[in-house]
There are 2 protein chains.
Amino acid sequence: MRPTSSDAGRGRAGMSDVAQLAGVSIGTVSNVLNHPARVSGTTLERVQRAMTMLNYTPNVLARSLAAGNSPILGLVLTDLANSLFIDIARGAELGAEAASMALMMSNSDGRLDREASYIATFAQSRVAGVLLTLNDEQHYGELVGRTPPDTPIVVLNYAAPTTHFCSVSVDNEHGGYLATRHLLDIGRRRIAFVGGPEALRPVRDRERGFVRAMREAGVTPALELMPDGVNRADGYAAGVRLAELVSRAEVDAVFAATDLLAAGIAQAAESRGVTIPADLAIVGYDNNHAAWDSPIPISTVAQPGEEMGRRGVEMATAETRGGPHEHGATVLTPTLVVRRSTTG
Amino acid sequence: MRPTSSDAGRGRAGMSDVAQLAGVSIGTVSNVLNHPARVSGTTLERVQRAMTMLNYTPNVLARSLAAGNSPILGLVLTDLANSLFIDIARGAELGAEAASMALMMSNSDGRLDREASYIATFAQSRVAGVLLTLNDEQHYGELVGRTPPDTPIVVLNYAAPTTHFCSVSVDNEHGGYLATRHLLDIGRRRIAFVGGPEALRPVRDRERGFVRAMREAGVTPALELMPDGVNRADGYAAGVRLAELVSRAEVDAVFAATDLLAAGIAQAAESRGVTIPADLAIVGYDNNHAAWDSPIPISTVAQPGEEMGRRGVEMATAETRGGPHEHGATVLTPTLVVRRSTTG
DNA sequence: CTCCCCCGTTGAAGCGCTTTAAGACGAGCG
DNA sequence: CGCTCGTCTTAAAGCGCTTCAACGGGGGAG
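All figures in this text were calculated on a predicted structure; none of them were measured in a lab. As a convention, each chain's residues are numbered from 1 in the sequence order in which they are written. Written order determines the labels here, with chains lettered from A and ligands numbered from 1. A pLDDT threshold of at least 70 governs which residues receive local features in this predicted model, and a stricter bar of 80 or more applies before side-chain atom pairs are shown or counted, although totals over entire chains, interfaces and linings include all residues. Hydrogens and water molecules were not included; the side-chain quantities draw on all heavy atoms of the structure.

### So, the side chain of Asp 205 of chain B
Residues and elements named next belong to chain B.
- Under the DSSP-based scheme used, a helix requires at least four consecutive residues in state H or I and a strand at least two consecutive residues in state E, with every element numbered from the N terminus. Note on placement: Asp 205 falls in helix 10 (residues 201-217).
- For each residue, the accessible area found with a 1.4 Å probe, counting protein chains only, is set against the maximum for its type, and the residue is called buried under 20%, exposed over 50%, and partly exposed in between. By relative accessible area, which is 12% here, Asp 205 ends up buried.
- A polar contact of 3.0 Å, which involves the side chain of Asp 205, links it to the side chain of Arg 208.
- Working rule for contacts: check all heavy atoms of both residues, and any pair within 4.5 Å makes them a contact. Not counting residues up to four positions away in its chain, the partners in contact with Asp 205 are Asn 172 and Glu 173. Two N or O atoms form a polar contact when they lie within 3.5 Å of each other; inside protein one atom must be a possible hydrogen donor and the other a possible acceptor, and for residues adjacent in sequence the pair counts only when both atoms belong to side chains.

### Quick look at the pattern of salt bridges
- Salt bridges, as used here, are contacts in which a Lys or Arg side-chain nitrogen is within 4 Å of a carboxyl oxygen on Asp or Glu. Enumeration over the complete set of coordinates arrives at 28 salt bridges over all chains.
- In this structure, Glu 307 of chain A and Arg 311 of chain A form a salt bridge, with 2.7 Å as the shortest nitrogen-oxygen distance. Remark: Arg 311 of chain A and Glu 307 of chain A occur in helix 14 (residues 305-321); sequence separation between them is 4 residues, near one turn of the helix.
- Given a relative accessible area of 28%, Arg 311 of chain A falls into the partly exposed group.
- When the shortest N-O distance is used, the salt bridge between Asp 286 of chain B and Arg 206 of chain B registers 3.7 Å. Here the residue Asp 286 of chain B occupies a position in the loop between strand 9 (281-283) and helix 13 (289-292), and Arg 206 of chain B occupies one in helix 10, the gap between them amounting to 80 residues.
- Given a relative accessible area of 10%, Asp 286 of chain B falls into the buried group.
- A single salt-bridge network, built from bridges that share partners, covers Asp 79 and Asp 109 of chain A together with Arg 90 of chain B.

### Quick look at the interface of chain A and chain B
- Counting residues at the interface gives 44 residues for chain A, matched by 44 residues for chain B.
- Using a 1.4 Å probe, buried area is obtained as the accessible area two parts lose upon being combined, added over both of them. Contact between chain A and chain B buries roughly 4,200 Å² in total, counting both sides, with carbon and sulfur atoms accounting for 52%.
- Along the contact surface separating chain A from chain B lie 6 salt bridges.
- For Arg 90 of chain A, the salt bridge goes to Asp 109 of chain B, with nearest N and O atoms at 3.0 Å.

### Looking at the relation of the copies chain A and chain B
- Between the two copies, chain A and chain B, the superposition gives an RMSD of 0.3 Å; the rotation angle is 179 degrees and the shift along the axis is 0.2 Å. As the rotation angle and translation indicate, the two copies are arranged about a two-fold axis. When each C-alpha of chain A is compared by its distance to the rotation axis, Met 104 of chain A comes out closest, at 2.3 Å.
- An overlap of 100% is found between the interface residues of chain A and their copies at the interface of chain B, pointing to a shared contact surface. In superposing the copies, a least-squares fit is computed on C-alpha atoms, taking residues whose pLDDT is at least 70 in both.

### Some words on the pairing of strand 11 (residues 329-332) of chain B
Residues and elements named next belong to chain B.
- Where burial is concerned, the two faces of strand 11 differ: the one with Thr 330 and Leu 332 is buried and the one with Ala 329 and Val 331 is not.
- Direction of pairing for strand 5 (residues 166-170) relative to strand 11: parallel, over a ladder of 4 bridges. Residue pairing in the sheet places Ser 169 in a bridge with Val 331 of strand 11. Pairing between two strands is assigned when DSSP locates at least 2 bridges connecting them.

### Describing the sheet that holds strand 9 (residues 281-283) of chain A
Residue and element names in this part refer to chain A.
- Taken together, the 4 strands give an open sheet; going across it, the order is 7-6-8-9, and neighbouring strands pair in parallel fashion. Bordering the open sheet on either side are strand 7 (223-225) and strand 9, each of which pairs with just one other strand. With direction set aside, neighbouring strand axes in the sheet form an average angle of 15 degrees.
- Both strand 6 (residues 191-194) and strand 7 contribute to a ladder of 3 bridges, which runs parallel. Paired with Ala 192 across the strands is Leu 223, a residue of strand 7.
- Between N-to-C directions, angles span 0 to 180 degrees; the directions come from axes that are lines fitted to C-alpha atoms, helices contributing only their stretch in contact. Across the sheet, helix 9 (residues 172-185) touches strand 6, strand 8 (253-256) and strand 9, and the angle it forms with strand 8 is around 170 degrees.

### A few points about the confidence of the model for chain A
- Per residue, pLDDT measures the predictor's confidence, with a range of 0 to 100. When the pLDDT values of chain A are averaged, the result is 89; 93% of them are 70 or greater.
- Contacts for the low-pLDDT stretch residues 1-9 of chain A, under 50 throughout, to residues beyond four places or in other chains number 9 contacts.

### As for the pairing of strand 2 (residues 102-107) of chain B
Residues and elements named next belong to chain B.
- Counting buried residues along strand 2, 6 of its 6 residues qualify, which places the element largely inside the surrounding structure.
- A two-sided burial pattern is seen for strand 2, the buried positions comprising Ala 102, Met 104 and Ser 106 on one face and Leu 103, Met 105 and Asn 107 on the other.
- Inspection of the sheet shows strand 1 (residues 72-77) paired to strand 2 by 6 bridges, in the parallel sense. Bridge pairing in strand 2 links Val 76 to Ser 106.
- The definition of a right-handed crossover adopted here requires that, viewed with the strands pointing away, the path from the first strand over the helix to the second runs clockwise. The parallel pair strand 1 and strand 2 is bridged by helix 6 (residues 83-98), and the resulting crossover is right-handed.

### Focus: a nonpolar patch on the surface
Residue and element names in this part refer to chain A.
- A contiguous nonpolar patch, built from Leu 21, Met 53 and Leu 54 and spanning about 290 Å² of accessible area, is present on the exposed surface.
- If you trace the backbone, Leu 21 turns up in helix 2 (residues 15-22).
- A residue is classified by how much of its surface remains accessible, and Leu 21, at 45% relative accessible area, is partly exposed. To count toward a patch, a residue needs a relative accessible area over 30% and no salt bridge; like charges are then connected within 9 Å, while nonpolar side chains (Val, Leu, Ile, Met, Phe, Trp, Tyr) are connected within 5 Å. Areas reported here follow the Shrake-Rupley algorithm with a probe of radius 1.4 Å; residue values treat only the protein chains shown as occluding.

### What to know about the sheet that holds strand 8 (residues 253-256) of chain B
Residue and element names in this part refer to chain B.
- Read across the sheet, 4 strands follow the order 7-6-8-9 without closing on themselves; strand pairing throughout is parallel. Whereas interior strands pair on both sides, the edge strands pair on one side only; in this sheet they are strand 7 (223-225) and strand 9. Each neighbouring strand pair of the sheet contributes to a mean axis angle of 15 degrees, computed without reference to strand direction.
- Packing against the sheet, helix 10 makes contact with strand 6 (191-194), strand 7 and strand 8, and its axis sits at approximately 170 degrees to strand 6.
- Together, strand 6, strand 8 and strand 9 form the strand contacts of helix 12 (residues 259-271), whose direction differs from that of strand 8 by roughly 150 degrees.

Structure below.
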């Protein structure tokens, strides 16, 4: 074994090196780092000088081990290609920065096994908490069982029953209501809804909002389409059908459950001579890049992804610190973004 | 202080608990984990049973501290919104999985200070290595100085001089050449190039490929545009100019240095009655979602982002393990993806 | 001038694990 | 029957840091 410090062997100065150079004890060096107030001005300065001289970098591993806590948060993202999750990541990053925590992101691609494996990895690293984005109840159910009991988990984008975890989600029903209300407000009455597979809970919720708004206005939905997917291609197919109905004056607006869907619809409709928004007003959902990058910018319902990430971090750190903890479900409110697809 | 294991205090079993339950020493438990061959069959089984009974989760922190190595790799991404970096992240994740390492991703948004701060954070966590995506030489230069000497760094997406780091990059010159060659091959001769700010090295390289291909073919470029940015809006502006030239039969094809640029050009051109690809053939660069999601799918040059990530991980782990290490610069080859914007 | 208290500082114990030198034990050999 | 050898197992020494009981020394109060 080497004499004192093994990191030193790798060219790295350790706390003991700093202590020696500054002529103080190792405990004092630690105090400089963690409780500067306890150290006298002179000593503090001397130690700090020694640190910079040696280019001292504290070892977080040792620190966490000794202190019994970790400065790292884990984040499991469902789908890196979806801009909502990118927003969540950004927000989480900001929140982590504010709480001076590091964020360890990873991407499950929606696969349950990877979700579980990342959670396990995080648990082994004794992270302070894990933020988990989720889409459907199947995954939620699976995860409830397998989860290590001592790691605080915050579920994002899914309104978890508060029994097991904290959660932060967005009110999809309200979003659907907003979108539909907007179409009604600009005078449309023959409104169609294009949704997606029944399994997707967010889509179902958006539809509920649609239905509520229509009922409130005493208007009957012109059509409800439920494609197998929620991507551009599915939208295109739906758009072809809609274009026909538009030409027969049976439809004058559509609320699509995702922006990709909306973009596909817009493309199909335009290629068939339908004018947007004159003949057909369109509202999408997600505030995806696809929406504002579309030839005709599409009105949409924006999810507060960043805030979701930020709040998630807050809840996780709160749970870590606080003694007795109530799991709480925060529900955020989406906002309507009006673009050319619904305004002259 | 608590008697033996403090993790136990938090409800977690430690190695000593396992040892006690299995009736062996703590060292034997460690051997079960790290050198199963040294342990007799009977003991091994008994210990393993004890582990599952106690739901034992090894503490990676303590493990790394004692063993002096880390199972974590850091990855600093320049821009989460750019699909190239998402691909890199995916590849790195796969590579890490294969090397049974954990990956800690983070997003610098192209800001130098955040890059530096993440590198510092990673260094404090004594990660095994850091993968750093980079765009321009300014950042590269800055970083060379500030970098902790003992953490292996692999630069991605930028051909670093091999003096300081390993790097994995893509041959942008060749990509530009491929794109231009393709336009020439389909019979176009009045070819324009739309680039971007001089500072962006990748864009400059793509232009060099363009120039080489044109020279080889003995064709004079119809026009070279250098907008201030490389986004859709910049493309739209360029497209307006191009449309006019097309109508005067001065341009029949364009190579845009990014897909967003290309998408903007396509949109502007179409809105001005230019038919794609008949009047104007377009090739973009990046294989961005924007490209295949465009109303007219745009031909593009695809960067092997996943492979870049994977190779980066390999180089990092190699550098970590291997004793004497040569920094090497790997250069990958991009490929042409032909879509409707260049075929009838 | 003494006593006490507080401020700064120290030394040692310990975080959960790996590693290694040394020990225990049975088998095989002369 | 004693000895060597090899196989398993153990005890103890760290890894770099935090924490805390204890300590020393000044200054204010008496």
